[in-house]
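# Summary of structural features
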Amino acid sequence: YLAAQGDEVLVAYADFGVSPAKVHAARSIDGGASFDQDTVLANASVGGNGACPVIAPDGTFYVFWRDSFQEFLWMSRSDDAGVTWTPDESIVAMNPLPASVPAAQGGYRLLNLPAAAVAPNGDLVVVWNDQLLGDPDILAIRSGDGGATWSPPVRVNDDPSGALQFFPWVAIDGEGYVHVVWYDRRNDGVD
């Protein structure tokens, strides 16, 4: 994925050429004409996948991902436009969904990947699919201090338990309203 603000472009990706896969970030300060500072971020985490970058209004770069064993969501931050990065740190434990939906329910693969967004005031929001509350839900956490601390996970979907919710994405508009979309099986007659 990529994030952009003005001439700054931040790309984050997982390199599957090594095992476990390593999360990287590369930046451009010329509108994407060239990229440099390709940095491995997944050092403390055991590999990673689902690298999701955001650029805060103050220019701080963030990348969020899940480790290869899907035990935690992780974050690294750069205060100098991607030249240096903080050591990666876990921000919340995961209780991931199974790797696939049973054949009787459609038989497709599920990925447990985070999506992140930043508000005009700099607040960070991360969403992902998780079974922490007993069934496959969309959970969200929020940080108002640049990722130093995080709220407890909250359930985003409002249906009775039992239905599968997965593949979320989040965006925050100019007024600071958080918008989350996801796939939802509450109305298809199959849990």
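I will try to describe carefully the structure that is included in this document. Position labels on residues start from 1 in each chain and follow its written sequence. This being a predicted model, a pLDDT of at least 70 is required before a residue's local features are given, and a value of 80 or more before pairs of side-chain atoms are given or counted; all residues contribute to the totals for chains, interfaces and linings. Each side-chain value is worked out from all heavy atoms of the structure, with water and hydrogens disregarded.

Let us look at the pattern of salt bridges. By definition, a salt bridge exists where a carboxyl oxygen of Asp or Glu is found within 4 Å of a side-chain nitrogen of Lys or Arg. The final tally for this structure, using the stated rule, is seven salt bridges. Between Asp 137 and Arg 155 there is a salt bridge, with the nearest N and O atoms lying 3.0 Å from each other. Separated by 18 residues along the polypeptide, Asp 137 in strand β11 (residues 137-143) and Arg 155 in strand β12 (residues 154-155) bring together distant segments of the chain. Linked by salt bridges that have partners in common, Asp 137, Arg 155 and Asp 159 make up one network. For the purposes of this entry, the term helix denotes a DSSP run of H or I that reaches at least four residues, the term strand denotes a run of E that reaches at least two, and both are numbered from the N terminus.

Here the focus is the sheet that holds strand β1 (residues 2-5). Strand pairing in a sheet is mediated by backbone hydrogen bonds. Such pairs are either parallel or antiparallel. The pairing criterion for strands is at least two bridges between them, as found by DSSP. A sheet is described by the order of its strands in space; here four strands give the open sequence β1-β2-β3-β4, paired in antiparallel fashion. The open sheet is flanked by β1 and β4 (36-40), the only strands paired with a single partner. Strand-to-strand twist across the sheet, computed as the mean angle between neighbouring axes with direction ignored, equals 15°. In this structure, strand β3 (residues 22-28) lies alongside β4, joined through three bridges in antiparallel fashion. Simply put, an axis is a line fit to the C-alpha atoms, just over the touching stretch for a helix, and the angle between two N-to-C directions goes from 0 to 180 degrees.

Right, let's get into a nonpolar patch on the surface. A surface patch of nonpolar side chains, amounting to about 330 Å² of accessible area, comprises Tyr 1, Trp 169 and Val 181. Classification of Val 181 as exposed rests on a relative accessible area of 53%. The patches described consist of residues with a relative accessible area above 30% and no salt bridge, like charges being joined within 9 Å and nonpolar side chains (Val, Leu, Ile, Met, Phe, Trp, Tyr) within 5 Å. Shrake-Rupley sampling with a 1.4 Å probe provides the accessible areas, and residues are treated as covered by the protein chains on show and by no other component. Exposure classes here rest on a 1.4 Å probe applied to the protein chains alone. A residue is buried below 20% of its type maximum, exposed above 50%, and partly exposed in between.

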